[in-house]
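Geometric and topological summary
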Amino acid sequence: MTDIRTHTLVIPGVDLVYDVRGPLPPAAGHRVLLMIGQPMPAEGFTALAPHFTDRTVVTYDPRGLGRSVRDDGRSDHTPQQQAADLHALIEALDAGPVDVFASSGGAVTALELVVTHPGDVATLVAHEPPINAVLPDATAAERARAGFYEAYQAKGRGTGMAAFIAMTSWQGEFTDAYFAQPAPDPAMFGMSAEDDGSRDDPLLSRNSWAVTDYRPDAGRLTAAPTRIVVAVGEESAGTYTARTALGLAALLGQEAVVFPSHHGGFLGGEFGYAGKPAEFAARLREVLDAG
């Protein structure tokens, strides 16, 4: 088993905590592989990272999440700030350009990193980035997002998460039929409806709306030296993040590459959302090696 070394990078506004598996500088012939999510800390990659023992793998807790305690007085999570943090991290590693596997909101951060610091990333695998702007029903998607936010504000995390799951599992565009549904019961998903009074969940509050509001710059992304691969889960077909992945791929003039499992396909049970990490890792290796 590869040892995990934990470090802290002190930058303005945050003590950014990251983990390194493997040597630095990396072994000859291999770039550092950076794995990022949002709003997910490094622990989300505990099932995927061990499949890459031949590479140096770096994971981190984004600003304000997990161990990365912020002192900038803010609670919002923006792709611009997260990309700036990643640039500082890559500089600190002194091993760029790196390869990046980025999932969900992490993929949005990685797109911004490619735009602002194109020399930092050799290959980016952007897995199901949730970007409303690339959808034909973008306005309806924003209304659906407001729906789970309002449910969270009204009754707390269980109710908000149930509405979030209903949104992200809906098949196809957000039509009148979607909005006519009764509010889902948290018990349907094994969750409690008890309200603990908190309203700062990074997924259910407005703190991460800048992620789904992100507008990718197709011109700068396609002009960058970075090889960008948009990935979509085979079990995600028709759902919100599958549609955003396909929309981004079309914007960039490419076809999305199909990966095993679903939106959390690389998870091994973390967050109660098990995927197929071994199969997912094999596909990711194929895609990285092809570059």
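Scroll up a little and you will see the structure.
Note that the structure is a prediction, hence the values are computed from the model and not measured.

**Observations concerning the overall build of the chain**
Each helix and strand counted, the chain has nine helices and eight strands in total. Over its C-alpha atoms the chain spans a radius of gyration of 18 Å, differing by no more than 12% from the 19 Å that the globule rule assigns to 291 residues. Each principal axis of the C-alpha atoms in the chain carries an extent, and together these give about 55 × 40 × 35 Å. Here the analysis covers contacts within the chain between residues at least 6 apart in sequence; of these, 70% occur between residues at least 24 apart.

**With respect to the packing of aromatic side chains**
All chains considered together, the criterion is met by 12 aromatic pairs. Ring plane angle 80° and centroid distance 5.5 Å describe the contact between Phe101 and Phe266, whose orientation is recorded as edge-to-face. Highlighted residues: Phe101 in strand 5 (residues 98–103) and Phe266 in the loop between strand 8 (257–259) and helix 9 (277–289), separated in sequence by 165 residues. Look at Phe101 and you get buried, because its relative accessible area is 0%. For Phe266, a relative accessible area of 3% gives the class buried. Among the aromatic side chains, those forming a connected cluster through ring pairs are Phe45, Phe101, Phe259, Phe266 and Phe280. The ring of Phe259 has Arg283 sitting right over it, with the charged end atom 6.0 Å from the ring centre.

**Details of the layout of surface pockets**
Counted as a void, the largest pocket has a volume near 1,200 Å³. Along its surface, the largest pocket is lined by 43 residues, and Met161, Phe164, Leu203, His263 and Tyr273 are the ones closest to its centre. Those elements giving two or more residues to the lining of the largest pocket turn out to be helix 3 (138–155), helix 4 (157–169), helix 6 (209–212) and helix 8 (240–251). Examining the composition of the lining of the largest pocket, we find that seven residues originate from one element, helix 4, more than from any other. In this structure, the second largest pocket spans a volume of roughly 320 Å³. Around the second largest pocket, the lining comprises 16 residues; the ones closest to its centre are Gly147, Ala163, Gln181, Ala183 and Pro184. Contributing elements (two or more residues each) for the lining of the second largest pocket: helix 3, helix 4 and helix 5 (176–179). Element by element, the count of residues in the lining of the second largest pocket is highest for helix 3, at seven residues.

**Looking at the sheet that holds strand 3 (residues 33–36)**
Taken together, the eight strands give an open sheet; going across it, the order is 1-2-4-3-5-6-7-8, and neighbouring strands pair in mixed fashion. The open sheet has two edge strands, strand 1 (4–11) and strand 8, and neither has a second partner. This sheet shows a mean twist of 25° between the axes of neighbouring strands, independent of strand direction. Taken together, the three bridges between strand 3 and strand 4 (residues 57–60) define a ladder with parallel strand orientation. Across the sheet, the residue bridging to Leu33 is Val57, located in strand 4.

**Let's talk about the pattern of salt bridges**
Inspection of every chain in the model, using the stated rule, returns 15 salt bridges. With its nearest N and O atoms 2.8 Å apart, the salt bridge here joins Arg67 to Asp61. Judged by its relative accessible area of 35%, Arg67 falls in the partly exposed class. One salt bridge connects Arg70 with Asp72, and the closest N-O pair in it is separated by 2.9 Å. In this structure, a network of salt bridges that share partners links the residues Arg63, Arg70, Asp72 and Asp85.

**Here we look at helix 3**
Between its first and last C-alpha atoms helix 3 spans 26 Å; for 18 residues at 1.5 Å apiece the expected length is 26 Å, and the two agree. Along helix 3, the positions that sit buried rather than exposed are Ala138, Ala140, Ala141, Ala144, Arg145, Ala146, Phe148, Tyr149, Ala151 and Tyr152. Each element contacted by the buried residues of helix 3 is listed here: helix 4, helix 5, helix 6 and helix 8. Positive backbone phi, approximately 95°, marks Gly156, located one or two places after helix 3.

**Some remarks on the side chain of Asn132**
If you trace the backbone, Asn132 turns up in the loop between strand 6 (121–127) and helix 3. Assessed through its relative accessible area of 1%, Asn132 is described here as buried. Among the polar contacts listed, one links the side chain of Asn132 to the side chain of Tyr240, at a separation of 2.6 Å. Aside from chain neighbours lying at most four places away, what touches Asn132 is Ala138, Ala141, Glu142, Arg145, Thr212 and Tyr240.

**Observations regarding the nonpolar core**
Counting residues in hydrophobic clusters, the biggest one holds 46 residues, and the most contacted among them are Tyr18, Leu34, Ile36, Val58, Leu89, Val100 and Leu124. With seven residues, helix 2 (residues 105–116) is the single largest residue contributor to this core. Among all residues touching Val100, those that are not within four sequence positions of it are Leu33, Leu34, Ile36, Ala110, Val121, Thr123, Leu124 and Val125. Formed by 20 residues, the second largest nonpolar core is a distinct cluster that contains Met40, Phe45, Phe259 and Val287.

What counts as what
- Residues numbered from 1 in each chain as written.
- Predicted model: local features only at pLDDT ≥ 70, side-chain atom pairs only at ≥ 80, totals over all residues.
- Heavy atoms only, no water.
- Helix = DSSP H or I, 4+ residues; strand = E, 2+ residues; numbered from the N terminus.
- Rg over C-alpha atoms; globule rule 2.2 N^0.38 Å.
- Contact = heavy atoms within 4.5 Å.
- Phe/Tyr/Trp six-rings, centres within 6.5 Å; stacked < 30°, edge-to-face > 60°.
- Buried < 20%, exposed > 50% of the residue type's maximum accessible area, 1.4 Å probe, protein only.
- Lys NZ or Arg CZ within 6 Å of the ring centre and 35° of its normal.
- 1 Å grid on protein atoms, 1.4 Å probe; cavity = no way out; pocket = protein on both sides within 12 Å on 5 of 7 lines; lining within 4 Å.
- Points joined across faces, edges and corners; volume = space filled by probe spheres on them.
- Pairing = 2+ DSSP bridges.
- Axes fitted to C-alpha atoms, helices over the stretch in contact; angles between N-to-C directions.
- Salt bridge = Lys/Arg side-chain N within 4 Å of Asp/Glu carboxyl O.
- Expected span 1.5 Å × (residues − 1).
- Polar contact = N/O pair within 3.5 Å; in protein donor to acceptor, adjacent residues only side chain to side chain.
- Core = buried A, V, L, I, M, F, W, Y, C linked by side-chain atoms within 4.5 Å.

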